[in-house]
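As a plain string of letters, each chain reads:
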Amino acid sequence: MRSMQEPTFLILTALAAGPQHGYGLITDVEQISEGRVRLRAGTLYAAFERLQEEGLIAEDREEIVDGRVRRYYRLTDDGATRLAAEAERMRHHARAASTRLRAAGLGGMA
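The numbers attached to residues start from 1 for each chain and follow its sequence in the written order. The predicted origin of the model limits local features to residues at a pLDDT of at least 70 and limits the giving and counting of side-chain atom pairs to 80 or more, whereas totals for whole chains, interfaces and linings rest on all residues. Side-chain calculation: all heavy atoms of the structure are included, whereas hydrogens and water are not.

**Side note on the packing of helix 2 (residues 22–32) against helix 3 (residues 41–53)**
Logical step 1: Axes here mean lines fitted to C-alpha atoms, for a helix over just the part in contact, with angles spanning 0 to 180 degrees between N-to-C directions. For helices the rule is a DSSP run of H or I covering at least 4 residues; for strands it is a run of E covering at least 2, with both sets numbered from the N terminus onward. For the pair helix 2 and helix 3, interaxial distance at closest approach is 10 Å and the crossing angle is 105°. Accordingly, the angle class assigned to the pair helix 2 and helix 3 is roughly perpendicular. The residues of helix 3 that touch helix 2, namely those facing Gly22, Leu25 and Ile26, are Ala41, Leu44, Tyr45 and Phe48.
Logical step 2: Amino acid classes used here: Ala, Val, Leu, Ile, Met, Phe, Trp, Tyr, Cys and Pro are nonpolar; Asp, Glu, Lys and Arg are charged; the rest, including Gly, are polar. Tallied by class, the residues present in the contact of helix 2 with helix 3 amount to 6 nonpolar, 1 polar and no charged. An angle counts as roughly parallel when it lies under 35 degrees, as roughly antiparallel when it exceeds 145, as roughly perpendicular when it falls between 65 and 115, and as oblique in every other case. Working rule for contacts: check all heavy atoms of both residues, and any pair within 4.5 Å makes them a contact.

**Points about the nonpolar core**
Logical step 1: Counting residues in each nonpolar core, the largest one holds 22 residues, and the members touching the most others are Ile11 and Leu12.
Logical step 2: Elements with a minimum of two residues in this core: helix 1 (6–15), helix 2, helix 3, strand 3 (68–75) and helix 4 (77–104).
Logical step 3: The dominant element in this core, judged by the number of residues it contributes, is helix 1, at 6 residues.
Logical step 4: Apart from residues lying up to four places away in sequence, leucine 12 is in contact with Met4, Leu51, Leu56, Ile57, Leu75, Gly79 and Leu83. Put simply, a nonpolar core is a bunch of buried Ala, Val, Leu, Ile, Met, Phe, Trp, Tyr and Cys residues held in one set by side-chain atoms that sit within 4.5 Å of each other. Partly exposed describes any residue whose relative accessible area lies between the buried limit of under 20% and the exposed limit of over 50%, with all areas from a 1.4 Å probe on protein chains only and scaled to the type maximum.

**Re helix 4**
Logical step 1: By this rule, a helix spans an expected 1.5 Å times one less than how many residues it contains. With 28 residues, helix 4 ought to run about 40 Å at 1.5 Å a step, and its terminal C-alpha atoms sit 41 Å apart, in line with that.
Logical step 2: Within helix 4, the full set of buried residues consists of Gly79, Arg82, Leu83, Glu86, Ala87 and Ser98.
Logical step 3: Residues of helix 4 that are buried sit in contact with helix 1 and strand 3.
Logical step 4: Looking one or two places after helix 4, you find glycine 105, whose phi comes out positive at around 70°.

Quick look at the structure:
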């Protein structure tokens, strides 16, 4: 399994809290990443399509707000499994990096 791109990881992480619509996801991803990742609407909707094709997310519901359709997406069981695997992969690599930095007396890691 190949590693996940950061925007994909953040989208799935945002959806782990529950179903969200596009604008909600854009703001949640920005908040989770502390402003480092800012998704554009076109990028997000292309990601939605790809993630749906991969079975990682699904449409949850639609509602009409101010005359416009607002579509909500949710994390699927496969999406949650993939997110958990990616989080574990990242933890493993972070532990290895921290261990090596400590051993070399670098990076100010305790």
